[in-house]
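Chain by chain, the residues run as shown.
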Amino acid sequence: PDTVDIRTTSTVNNYGERTYTGGATTYDAYIIRVEEARRNADENLIDVDYIAYIPDASIAIDVSGQITLPSPISETRPILRVNTKRDPLGQVAQVVYVGTKSKRG
């Protein structure tokens, strides 16, 4: 188990670049690296470096957010896609697809 920091409050400047304000919120997460073989086998993962599974019933993340991965990665990355996992009682987790440092989804 790891933790990730997520910032969801952002503004867009005249050049279309996002600027994040406010503090980050820390969540427990399970993070896996998407290996090259899996990236090539699954077209949906071609631009994904990591997948973060965040078990939280109320978190609401979207692609305009920013995620900071823990050590040894220790980098802020763009969020490319988010998938909400539910059971009969409601949301149980969100799966966050994290891109490379230089790509924006």
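Residues numbered from 1 in each chain as written. Predicted model: local features only at pLDDT ≥ 70, side-chain atom pairs only at ≥ 80, totals over all residues. Heavy atoms only, no water.

Draft legend 1. Spotlight on the pairing of strand β1 (residues 2-7). Summarising the sheet, β1 and strand β4 (residues 25-33) pair through five bridges and their orientation is antiparallel. By the bridge assignment, I6 is partnered in β4 with T25. In this sheet, strand β6 (residues 66-68) lies alongside β1 in antiparallel orientation, the contact comprising three bridges. Each residue of the ladder has a partner; that of R7, found in β6, is Q66. (Pairing = 2+ DSSP bridges. Helix = DSSP H or I, 4+ residues; strand = E, 2+ residues; numbered from the N terminus.)

Draft legend 2. Representation of the pairing of strand β7 (residues 76-87). Pairing geometry for β6 and β7, over three bridges, is antiparallel. Following the sheet pairing, T68 is matched in β7 by T76. The pairing of β7 with strand β8 (residues 90-99) spans eight bridges and is classified as antiparallel. If you follow R81 over to β8, its bridge partner there is Y97. Connecting the antiparallel pair β7 and β8 is a turn made up of two residues.

Draft legend 3. Layout of the nonpolar core. One finds V4, I6, I54, I67 and V96 to be the most contacted residues of the largest nonpolar core, which totals 15 residues. Mapped by element, the contributors of at least two residues to this core are β1, β4, β5 (48-54) and β8. In contact with V4, not counting residues within four places along its chain, are T25, T26, Y27, A29, I31, I54, I67, T68, L69 and P70. (Core = buried A, V, L, I, M, F, W, Y, C linked by side-chain atoms within 4.5 Å. Buried < 20%, exposed > 50% of the residue type's maximum accessible area, 1.4 Å probe, protein only. Contact = heavy atoms within 4.5 Å.)

Draft legend 4. Region of the structure containing the packing of aromatic side chains. Taken as a whole and assessed by the stated rule, the structure comprises one aromatic pair. Seen from their ring centres, Y30 and Y53 are 6.2 Å apart, and the 35 degrees between their planes marks the pair as tilted. Residue Y30 is found in strand β4, and its partner Y53 is found in strand β5; the two are separated by 23 residues along the sequence. Since its relative accessible area comes to 32%, Y53 is described here as partly exposed. One cation-aromatic arrangement involves R81 over Y97; the distance from NZ or CZ to the ring centre is 5.3 Å. (Phe/Tyr/Trp six-rings, centres within 6.5 Å; stacked < 30°, edge-to-face > 60°. Lys NZ or Arg CZ within 6 Å of the ring centre and 35° of its normal.)

Draft legend 5. Focus on the pattern of salt bridges. Scanning all chains against the criterion turns up three salt bridges. A salt bridge links R77 to D49; its shortest N-O distance comes to 3.1 Å. Placement of the pair is R77 in strand β7 and D49 in strand β5, with a sequence separation of 28 residues. Comparing R77 with D49, the two get one shared label, buried. (Salt bridge = Lys/Arg side-chain N within 4 Å of Asp/Glu carboxyl O.)

Draft legend 6. Seen up close, the sheet that holds β7. Read around the closed barrel, six strands run β1-β4-β5-β8-β7-β6, paired in antiparallel fashion. Strand-to-strand twist across the sheet, computed as the mean angle between neighbouring axes with direction ignored, equals 45 degrees. (Axes fitted to C-alpha atoms, helices over the stretch in contact; angles between N-to-C directions.)

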